[in-house]
Structure formats: C-alpha cells, structure tokens
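Chain by chain, the residues run as shown.
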Amino acid sequence: MRNTNNILFIIPPAAPIEFLKKSGVSSVKASLIVAVPMGVLSIATYTSKHTDARFTILDLNMLVLNSAEEFINKPWDVFLREKILASLKGISPSIVGISAIFNSNTNYLYSIAATIRELFPETIIVAGGGVPTNMTEHVFNSAPMIDGIAVGEGEKPFAGLVMAEDKKIFLAKAPGWMTKERLLVKLDPTMDLITDLDDIPFLRYDLIDFKEYQIQNRYHGERSSENIIAPIMTSRGCPYRCSFCASFSVHGRKMRFYSVDRILNDIRRLKEEFNVKILVIEDDQFLFDKNRAIKILEGIAAHNLIIEFPNGLSVADLNEELIVALKKAGLKMASLAVESGCERVLNKIIHKPYRTLDAVRNIVALMRKEQLYIRAFFIIGFPGETKEEILESIHFMKSAGFNWVAIMLASPIAGSELYEICQKQGLLMSTAVEDFHYAKSNILLDHSTPEEMENLRYHINLDVNFVNNYDLIHGQPQTALIGFLDVLGRMDDHAFACYYAAQSYQSLGDHKQAEMFFQKYYTIIYSSKFWADQAKYFGLPLIK
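Computed from a predicted model, the values in this text were never measured in an experiment.

Draft legend 1. How the structure looks around the overall build of the protein chain. The helix and strand inventory of the protein chain stands at 26 helices and 14 strands. On C-alpha atoms alone, the protein chain measures out to a radius of gyration of 23 Å, which is about the 24 Å that the 2.2 N^0.38 rule sets for 544 residues. With respect to the principal axes defined by its C-alpha atoms, the protein chain has extents near 70 × 50 × 45 Å. For the protein chain, contacts bridging at least 24 residues in sequence account for 73% of all contacts bridging at least 6.

Right, dumping it as structure tokens:
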C-alpha cells in the first residue's frame, strides 16, 4: 500500500546545550559531531521504497555549526522554532521523527517535542536511537508529547507507521514500537530488524546538502575541495561484549551483512554520481568476516580511493593479510580500538576480545611496516581502575608507536554493562542522561574527583599528542604535522597545535611557516589565560 505523508526528521545537537552556550563559537565548532545522518537517511530510503512519503531532514548539528553566533546569542526555543519553520517552508508534517543517538541528545527531546506539538498539534511525534531504545521510561517521562519510541533499528517500524491508516493504533500494536500505554502494562519491547540489508536501497543523498557535509566530517586526513568524502556502512551488529558499549542494543549482537556486490555497486555509484574520493567506513566490526572483508577491500582497491574507519578497527580481528589488503584498498590512517594500556583493565573491566598488549604491539609493527598512520582510542576512568593503571595506560600510549591518541572518559552509556554497574553500585555522580558523555566525568571514583579526571584527560592529550608527540621525538616532523594540522582544521585557536606545527616546520627548514605558527601561538597565549596556564604547566615559552 502506498501512502503520501510529509515527514520531518530532526537530529539534535551532539553536545548538551549548556556546554555549547557557554563555550563560545570556536568551542561550538570543535564540540559538534557533524556527519552525514546515515541512520535517518536509511529509514527515509527504506520508507521511500514502500510509500510516496516526502521527507525533510533538519540536522541541528549543521545548523548550529553554520549559525554559531546566532545560536549562542538567541534563546534556544526561539532558535529552534525558527529553524523548524524555515526547514518546512509552509508544509505541515504528518510525522516528526527525532533521532537521539547519543546520551547528550536527551535534554533536547523535550524542547523539540514541545515545539512540534505547539506548532502542529495533530502531528505524530516519535523518537528513536540509542537513548530512546534503552531509556524508554525516562524519555516518555521527560518528553510526554512523544507518541512512540522505535526500539532498535527504525527502518521497518517507521515504514509501517507511515503506511498505517490509524497511526496511533499501529504504534500501540506493532513490533518495534513502545508507547506510554505499553510501558504501563510492562510489555517487553521487541526489535523489528531487517534480516537482509540489501533490502535497503541506495541511500537518498538527495535529501541532504551533500556538499555541506564536506566542511566538517569524521575524516582525519588532508582536506581539499577535491577530496569529496562519503560515509558507508557494510554491516550491522557486534558479537563482542565491551563493557562501555551499547551498540548491540540497537543493532543486535548477531552480525548482518550487505552483500559484497551490493557494497561495491554503492561505492561505484558514490564515485560516479558524487565524485567521492574518500570512503569513511562506519561499521562496528568490518573485519569480523575476514574473507568478506578482503573481497570488499579488493573491490575498493580497483577504484583508487582513500578509506578510513573512524569507529576503530578491532585488534582481535587484524592480521598481516588484512593489513596489506587495507593498505592496497587505500587506507592511510588506521584507527585502533585499543581502549587501555593495562592488561587487567582490558580483561577484567572492559572485556576486550583481545587479551594482551603484545597483540597491539604486533599490529602496530605490521602497520608501521605498511607505512600506515596509526590512531588509537583509549578510555580512562572506569570503576575499579586504579590511578596506577591509568599511568600504565599513559606509558603505553607514549611507547607503543601510535602517531596519535584519542583519550575519552568512561561514560555510562544507557544500555551498556557499565551503566548497569554504575546504577547498581550507586556510582553515578549525576542521573541526568545528558551528562553521560566521553568528555565529562560522571562516575564516582576512589582516587579522583570528576574535575580532576576531566583535567587529567585534557593533560594526557596535550602530553601524549603534543609535548611528547611520537613522530617529533623520533625525527618525523612531516608525519607529526598531520595531527597538528588536523587539530587546527577543527579548532584554529589551539595553542599547542600552533606551537608544535611551528616546531615541525622549523625542523623541515620551512622558516616562513614556522614563524607564522609561532606568531599565532604567542597571540593565543597573550590573549587566553587558559592557554597561558597550559603552556606554563608544560614548560612552553610564555614570552617571544
């Protein structure tokens, strides 16, 4: 049955409003995660296959980024109302879907739903993503205007809702949905997942301004007008049981795959229709089926593309054959999901699928042999992790041979084992879900206050990536510049990135560029007490 509906999808900002409002324009730009909204595009694409629905996508991350001054100086409710009305251009939506992937999206649900209800009293309002899936009662209590929550993936539940003649009855009875009424009678939510991912057509990129997403994205390499970037996902699900992760609660633990032919056809279309040069592969476990992964990589290699895996490659699944195939397919920057430099924490607290740090060292050696730039992800601040074990991790970050390290604070993401542990043991410093994010310490620890952990995280970043940058120490200033310039492309007033970029250019004999960055460094130091304090702490010069 085909049915015409006007659908509005809204994607809330990825950082809490209080944080964005107080941080200034440059921090707004550095804090927001702006990426092609693949989840919403996939739902819209699948629904388009079955209905004549018309879609509008309002990505508030992009709007806040592009209108940062207006966002900071205007009341949020006014800003939101104006942007919703401007996006709809006089059309009344029959359904509004709010995509809340991150914990930090939670505090936007009420204001978005309330604004929609005020503007369009008869509109069906639904929400989906990690937070609504895992905290249905909290979401309904905090935003009672919401009519239904899609549990898990949204393609089949949403398409069914659009096709339904009586949408309220459909929400009350269909699989994949939770309502306030179903919650009251304690009905367990059931996910309605797509078994064959090939049933989802090629994504409807016409629903977004593809060029806008080239300005800010998850690619960490060189940016230019010719380097057109597109995300792609080749599988869903994750069988691993890392304590901090809740991805399985949306996509399930069982792996599901797009066919190799389908993926290679999508890549061909992205190249031919959008002139894509760089693929950002968003899978949680791309390497899980090694034979399939190699077939895809061999197909990608024929297209002369660059690839990156921003979610990280699993150390447990990597081997020399795959690393060679990744390099041939266009991998230049390898992101490794290391998580800790302490084996006890890896095994007893995080439950990583690899068991020893030698596994990491071996993979790093193989990647260096292939001349790959290696980024590594680490998490600190788990309950039960000692201060000495954090220091072990810092030592490993510096010694293992990584070109760059991303350090995050353990965050009790809704749906994760870590969240359950923190709840049961009374370790949550705040019960506000929007406080559960990687940059904020919200777990009661024996050895440090939240402020101390947040400062420690920042100091580790400055220490490992700048002051003791592996490439600068080992005489590779050209490689060191990759990280410094990437930071400056996202946050142009980062004093340490300016200082060490200047040091790198000086080592390369480019004195003009070195002088320019030294001058920029001193300008920042003279005008910012924060950066002056950081420079003093690490012994950087304060006076030219």
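Draft legend 2. Representation of the pairing of strand β4 (residues 124-128). Burial analysis of β4 places five of its five residues in the buried class, which makes it a mostly covered element. Residues I124, V126 and G128 of β4 are buried on one face, and the alternating residues I125 and A127, pointing to the opposite face, are buried as well. With five bridges connecting them, strand β3 (residues 95-99) and β4 associate as parallel partners. Its bridge partner lying in β4, I95 is registered against I124. A crossover links β3 with its parallel partner β4, the connecting element being helix α7 (residues 109-119), and its sense is right-handed.

Draft legend 3. Molecular detail of the side chain of T179. As for its placement among the helices and strands, T179 is situated in the loop between β6 (177-178) and α12 (180-184). In this structure the side chain of T179 is engaged in a polar contact, spanning 3.1 Å, whose partner is the backbone nitrogen of R182. When near neighbours in sequence (up to four residues on either side) are disregarded, T179 contacts F140, D147, L171 and A172.

Draft legend 4. Region of the structure containing the sheet that holds strand β11 (residues 306-308). Taken in spatial order, the six strands line up as β7-β10-β11-β12-β13-β14 in an open sheet, and their pairing is parallel. A strand with exactly one partner marks an edge of an open sheet, and here the two such strands are β7 (229-232) and β14 (404-409). This sheet shows a mean twist of 20 degrees between the axes of neighbouring strands, independent of strand direction. For β7 and strand β10 (residues 278-281), the ladder comprises four bridges, and the chain directions are parallel. Considered in β10, the bridge of A230 is made with L279.

Draft legend 5. Up close: the pattern of salt bridges. Per the counting criterion, the structure on display carries 21 salt bridges. Ionic pairing is found between R256 and E153, a salt bridge with its closest N-O pair at 2.5 Å. Linking R256 in strand β9 (residues 256-257) with E153 in the loop between β5 (148-150) and α10 (155-163), this pair joins segments that are 103 residues apart in sequence. Here R256 matches E153 in class, with each residue buried. A salt bridge links R262 to D266; the shortest N-O distance between them is 2.9 Å. In this pair, R262 and D266 both sit in helix α14 (residues 260-274), four residues apart, roughly one turn of the helix. The class for R262 is buried, based on a relative accessible area of 13%. Overlapping salt bridges, with partners in common, bring together E70, K74, E82 and K83 in one network.

Draft legend 6. Focus on helix α25 (residues 511-527). The terminal C-alpha atoms of α25, which comprises 17 residues, lie 24 Å apart, in line with the 24 Å expected from a rise of 1.5 Å per residue. Within α25, burial applies to A514, F517, F518, Y521, Y522, I524 and I525. Projected down its long axis, α25 carries its buried residues within an arc of 160 degrees, all on one side. The exposed residues of α25 that point more than 90 degrees off its buried face are K512, Y526 and S527.

Draft legend 7. Fine view of the state of the cysteines. Evaluated as defined, the whole model comprises zero disulfides. Free of any disulfide, C342 has its nearest neighbouring cysteine sulfur in C242, separated by 16 Å. Note on C342: relative accessible area 3%, which makes it buried.

Draft legend 8. Quick peek at the nonpolar core. Among the nonpolar cores identified, the biggest contains 152 residues, and L279, I307, L336, M367 and F402 are the most heavily contacted of them. Every residue in contact with F402, bar those within four places of it in the chain, is listed here: L336, V338, V360, V364, R368, I374, A376, F378, F396, M397 and Y470. With 31 residues, the next largest nonpolar core counts Y373, L481, Y505 and F517 among its residues.

Draft legend 9. Seen up close, the packing of helix α21 (residues 450-467) against helix α26 (residues 529-538). Between α21 and α26, whose axes approach to 12 Å, the crossing angle comes to 65 degrees. Relative to α26, the crossing made by α21 is right-handed. Residues Y458, H459, L462, D463 and V467 of α21 lie in contact with α26, whose contacting residues are F530, W531, Q534, Y537 and F538. Class assignment of the residues belonging to the contact of α21 with α26 gives a composition of seven nonpolar, two polar and one charged.

Draft legend 10. Summary view of the sheet that holds strand β2 (residues 54-59). With mixed pairing, six strands are arranged side by side in an open sheet as β2-β1-β3-β4-β5-β6. Single-partner strands in this sheet number two, and they are β2 and β6. Of the strand pairs in this sheet, β5 and β6 are connected by two bridges, and their pairing is antiparallel. Residue pairing for β6: I149 is matched across the bridge by M178.

Draft legend 11. Expanded view of unusual backbone geometry. Unlike most non-glycine residues, N304 shows phi in positive territory, near 55 degrees. As for its position among the elements, N304 is in the loop between α15 (290-301) and β11. Located in the positive-phi region is E339, a residue other than glycine, with phi close to 80 degrees. Structurally, the position occupied by E339 is in strand β12 (residues 331-339).

Draft legend 12. Representation of the confidence of the model for the protein chain. Confidence along the protein chain averages 92 in pLDDT terms, with 95% of residues attaining 70 or more. Ranking the helices and strands of the protein chain by mean pLDDT puts helix α24 (residues 495-507) first, with 98, and helix α2 (residues 25-31) last, with 70.

Draft legend 13. Expanded view of a nonpolar patch on the surface. Together, I33, I101 and F102 make up a nonpolar patch on the protein surface, roughly 260 Å² of accessible area in all. Note on F102: relative accessible area 37%, which makes it partly exposed.

Draft legend 14. Molecular detail of the side chain of H303. You can see H303 is positioned in the loop between α15 and β11. Its relative accessible area of 18% is what places H303 among the buried residues. Setting aside residues up to four positions removed in sequence, H303 forms contacts with L264, I267, R268 and K271.

Rules behind the numbers
- Residues numbered from 1 in each chain as written.
- Predicted model: local features only at pLDDT ≥ 70, side-chain atom pairs only at ≥ 80, totals over all residues.
- Heavy atoms only, no water.
- Helix = DSSP H or I, 4+ residues; strand = E, 2+ residues; numbered from the N terminus.
- Rg over C-alpha atoms; globule rule 2.2 N^0.38 Å.
- Contact = heavy atoms within 4.5 Å.
- Buried < 20%, exposed > 50% of the residue type's maximum accessible area, 1.4 Å probe, protein only.
- Pairing = 2+ DSSP bridges.
- Right-handed = clockwise from strand over helix to strand, strands pointing away.
- Polar contact = N/O pair within 3.5 Å; in protein donor to acceptor, adjacent residues only side chain to side chain.
- Axes fitted to C-alpha atoms, helices over the stretch in contact; angles between N-to-C directions.
- Salt bridge = Lys/Arg side-chain N within 4 Å of Asp/Glu carboxyl O.
- Expected span 1.5 Å × (residues − 1).
- Arc of directions from axis to C-beta.
- Disulfide = S-S within 2.5 Å.
- Core = buried A, V, L, I, M, F, W, Y, C linked by side-chain atoms within 4.5 Å.
- Left-handed = near helix turned anticlockwise from the far one by under 90°.
- Nonpolar A, V, L, I, M, F, W, Y, C, P; charged D, E, K, R; others polar.
- pLDDT = per-residue confidence, 0-100.
- Patch = residues over 30% accessible without salt bridge, like charges linked within 9 Å, V, L, I, M, F, W, Y side chains within 5 Å.
- Areas by Shrake-Rupley, 256 points an atom, 1.4 Å probe, with all protein chains shown as cover.

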